[in-house]
Amino acid sequence: MDTGDLLAEYTPGDFFFGTDRHTIHGSGFLRSFTGTDAVSLSEAVSAALAEHGSRLAVGVLPFDTGHTPGYIVLPETSYLTGPLRAGPREAVPAPVAVRAVPEPVRHVEAVAKAIKALDDRGMRKVVLARALDLDFDVDVAPRAILRNLISDGAGRYIFAAGLPNGRTLTGATPELLLSRHGRRVVSHPHAGSAPRSTDPVTDRENAVSLASSRKDHIEHAVLTEAVVETLRPFCRSLDVPGTPSLVSTPTMWHLGTVVTGELADPDITALRMAAALHPTPAICGSPTEEARRLVNELEPFDRGYYAGTVGWVDAQGNGEWAVSIRCAEAGPRSLRLYAGGGIVPDSDPKAELDETSAKFQTLLRAMGLEL
């Protein structure tokens, strides 16, 4: 069974997770788990995997694990096949209404307030997001969006996950929160961004500018330090490159650092470490709790499962958890798209607005839209 076959079987509420190594599809459930304590949730899932002899548990953790419940499922049936393969695109209906939440000028104002708050509160970074609400007069199939994201090569991790509210979280993220295979642990944090361009000269200039940007290197260092310090107690050794590398998607350049380690305790699962890492400064800020409070003050919506993590874990503790960005929450006739950016003291409010506009393009392209 290849990627196309799995997509043909996909229905809303199923789980889909595709990479350049393998593709996973889960449907139905033997058991489901919800909870606002991510560590306890991971322990309950591990016990259920051992009890049922199940191959996989799949699901999502929200942005604010203390407020919104994580949702993990043991699928009734699950399939594991080869890497993602692009197929024909599928038409997505045009929206009948589009609303920015907040309006662009209000997002610029919020970024300016965030910059001032960083200084007033002694913070290093906060991440602010905005949303686009799209309404349709017919149902929108998440499967069509998935198919087009794969065709676009939109991200290293292409996913869809059913949510406890009956909606679907779907997207294409470049960022790996945590993977565990045997004793090998990998995290690939991303922070610092610049838009891609269809003009090769401009595109290369954007990449060079990002690679030399003091502001973006500061933002990235905050993230990498936090990831390393969180993983250190779990690993007997860690390898951390001294400088980040450029990472590209069809719409964005990023700074990324591949952190690798050797797990000290083989009983520690991928989900348990993901629960410890999340939320990183890449999607929240630093210090974490102060940043989360500022996000709640300045953003006019509840993030829900945006800027959370989506992935899988097996009975041996192996698994992959990706950061749920470049995504949308889909209902039968509506979509809410999300995009955010890291704010540090050197940030420029207008540039931050432009960055979120560029990040929206991942989903908009998959829908055949230019907004």
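Residues numbered from 1 in each chain as written. Predicted model: local features only at pLDDT ≥ 70, side-chain atom pairs only at ≥ 80, totals over all residues. Heavy atoms only, no water.

A look at the overall build of the protein chain
For clarity, the threshold we go by: Strands here mean DSSP runs of E at least two residues long; helices mean DSSP runs of H or I at least four residues long; both are numbered from the N terminus. It is over C-alpha atoms that the radius of gyration is taken, and the globule rule equals 2.2 Å times the number of residues to the power 0.38. Accessible area is worked out with a 1.4 Å probe on protein chains only. A residue is then buried under 20% of its type maximum, exposed over 50%, and partly exposed in between. Residues are treated as being in contact if the distance between any of their heavy atoms lies within 4.5 Å. Note on areas: Shrake-Rupley with a 1.4 Å probe; residue coverage comes only from the protein chains shown.
Regarding its fold elements, the protein chain presents nine helices and 22 strands. Relative to its length of 371 residues, the protein chain is compact, with a C-alpha radius of gyration of 19 Å against a globular reference of 21 Å. Each of the three principal axes of the protein chain carries a C-alpha extent, and together these read 50 × 50 × 40 Å. Residues counted as buried form 58% of the 371 residues belonging to the protein chain. Taking the contacts inside the protein chain whose residues are at least 6 apart along the sequence as the reference set, 75% of them involve residues at least 24 apart. Within the structure as shown, the protein chain displays about 14,600 Å² of accessible surface, and the carbon and sulfur contribution to it stands at 50%.

Quick word on the state of the cysteines
Put simply, the rule is: Note on terminology: pairs of cysteine sulfur atoms within 2.5 Å are recorded as disulfides.
Applying the stated criterion across every chain yields a total of zero disulfides. In this structure C284 is not part of a disulfide, and its nearest cysteine sulfur, from C327, lies 16 Å away. Given a relative accessible area of 0%, C284 falls into the buried group.

Focus on the packing of aromatic side chains
Note the cut-off: In this scheme Phe, Tyr and Trp rings, the latter by its six-membered ring, pair at centre separations within 6.5 Å, and the angle between planes marks the pair as stacked below 30 degrees, edge-to-face above 60, and tilted otherwise. Comment: the charge-over-ring label is applied if NZ (Lys) or CZ (Arg) is within 6 Å of the ring centre and within 35 degrees of the ring normal.
The tally for this structure, following the rule as stated, stands at four aromatic pairs. Ring geometry for F15 and F17: centres 6.2 Å apart, planes at 5°, overall stacked. By relative accessible area, F15 is classed as buried at 4%. Through pairs of rings, three or more aromatic residues link up here, namely F15, F17 and Y157. Its end group placed over the ring of W253, R196 keeps NZ or CZ at 4.4 Å from the ring centre. It is R303 that lies over the ring of F63; its NZ or CZ is 4.3 Å from the centre.

A look at helix 2 (residues 38-52)
Spelled out, the test is: A helix is expected to reach a length of 1.5 Å times the quantity of its residues less one. Directions are taken from the helix axis to each C-beta atom, and the arc is the one they span. Nitrogen and oxygen atoms within 3.5 Å of one another constitute a polar contact, given that in protein one can donate a hydrogen and the other can accept it, and given that sequence-neighbouring residues count only through two side-chain atoms.
Here helix 2 contains 15 residues, and its C-alpha end-to-end distance of 21 Å stays within 8% of the 21 Å for a straight helix at 1.5 Å per residue. The complete set of buried residues in helix 2 reads A38, L41, S42, V45, A48 and L49. The buried residues of helix 2 occupy one face: seen down the axis, they fall within an arc of 125°. Exposed side of helix 2, more than 90 degrees from the buried face: A50 and E51 are the residues found there. Residues of helix 2 that are buried sit in contact with strand 3 (31-35), strand 4 (56-61), strand 5 (70-74), helix 7 (270-277) and strand 19 (309-314). With a side-chain oxygen lying 3.1 Å from the backbone nitrogen of V39, the N-terminal cap of helix 2 falls on D37. Looking one or two places after helix 2, you find G53, whose phi comes out positive at around 65°.

Here we look at the nonpolar core
The condition is simple: In these notes, a set of buried Ala, Val, Leu, Ile, Met, Phe, Trp, Tyr and Cys residues joined through side-chain atoms within 4.5 Å is what counts as a nonpolar core.
By size, the foremost hydrophobic cluster in this structure holds 78 residues, and its most contacted members are F17, V45, V60, V126, L178, V313 and I343. Sequence-distant contacts of L178, that is, excluding residues within four places in its chain, are made with V185, V186, L231, A270, M273, A274, L277, G319, E320 and W321. Within the second largest apolar cluster, 31 residues are counted, among which are L132, A330, L335 and L369.

So, the sheet that holds strand 19
The test is simple: Any two strands with at least two DSSP bridges between them are considered paired. Working convention: axes come from line fits to C-alpha atoms, limited for helices to the stretch in contact. Angles between N-to-C directions cover 0 to 180 degrees.
With respect to topology, nine strands assemble into an open sheet ordered 3-5-4-19-20-11-12-17-14, the strand pairing being antiparallel. Single-partner strands in this sheet number two, and they are strand 3 and strand 14 (235-239). Sheet twist, expressed as the mean angle between neighbouring strand axes with direction ignored, is 15°. Bridge count between strand 11 (residues 176-181) and strand 12 (residues 184-188): four bridges; the pairing is antiparallel. Across the sheet, residue L176 finds its bridge partner in strand 12, namely H188.

A look at the side chain of H107
Positionally, H107 belongs in helix 3 (residues 104-121). Each residue touching H107, except ones within four places of it in the same chain, is listed here: P102, L128, A129, R130, L353 and T356.

A short note on the environment of T356
Its place among the elements puts T356 in helix 9 (residues 349-366). Expressed as a C-alpha distance, the spacing of T356 and G340, which sit 16 residues apart in the sequence, is 5.5 Å.

Quick look at the pattern of salt bridges
Proximity of charged atoms lets side chains of opposite charge pair with each other. This is how it is decided: For salt bridges, the criterion is a side-chain nitrogen of Lys or Arg within 4 Å of an Asp or Glu carboxyl oxygen.
Counted according to the given criterion, the structure contains 25 salt bridges. With a shortest N-O distance of 2.6 Å, R303 and E299 are connected by a salt bridge. There is no split in this pair, since R303 and E299 are both buried. If you follow the salt bridges from partner to partner, you end up with K125, K215, D216, E219 and E352 in one network.

Some remarks on the pairing of strand 16 (residues 252-256)
With respect to burial, strand 16 is a largely interior element, five of its five residues being buried. What you see with strand 16 is no split at all: M252, H254 and G256 on one side and W253 and L255 on the other are buried throughout. When strand 13 (residues 190-195) meets strand 16, the two strands line up antiparallel, connected through four bridges. Considered in strand 16, the bridge of P195 is made with M252. Direction of pairing for strand 15 (residues 245-248) relative to strand 16: antiparallel, over a ladder of four bridges. Looking at strand 16, one finds that S245 is bridged to G256. The antiparallel pairing of strand 15 with strand 16 creates a hairpin that spans three residues between the two strands.

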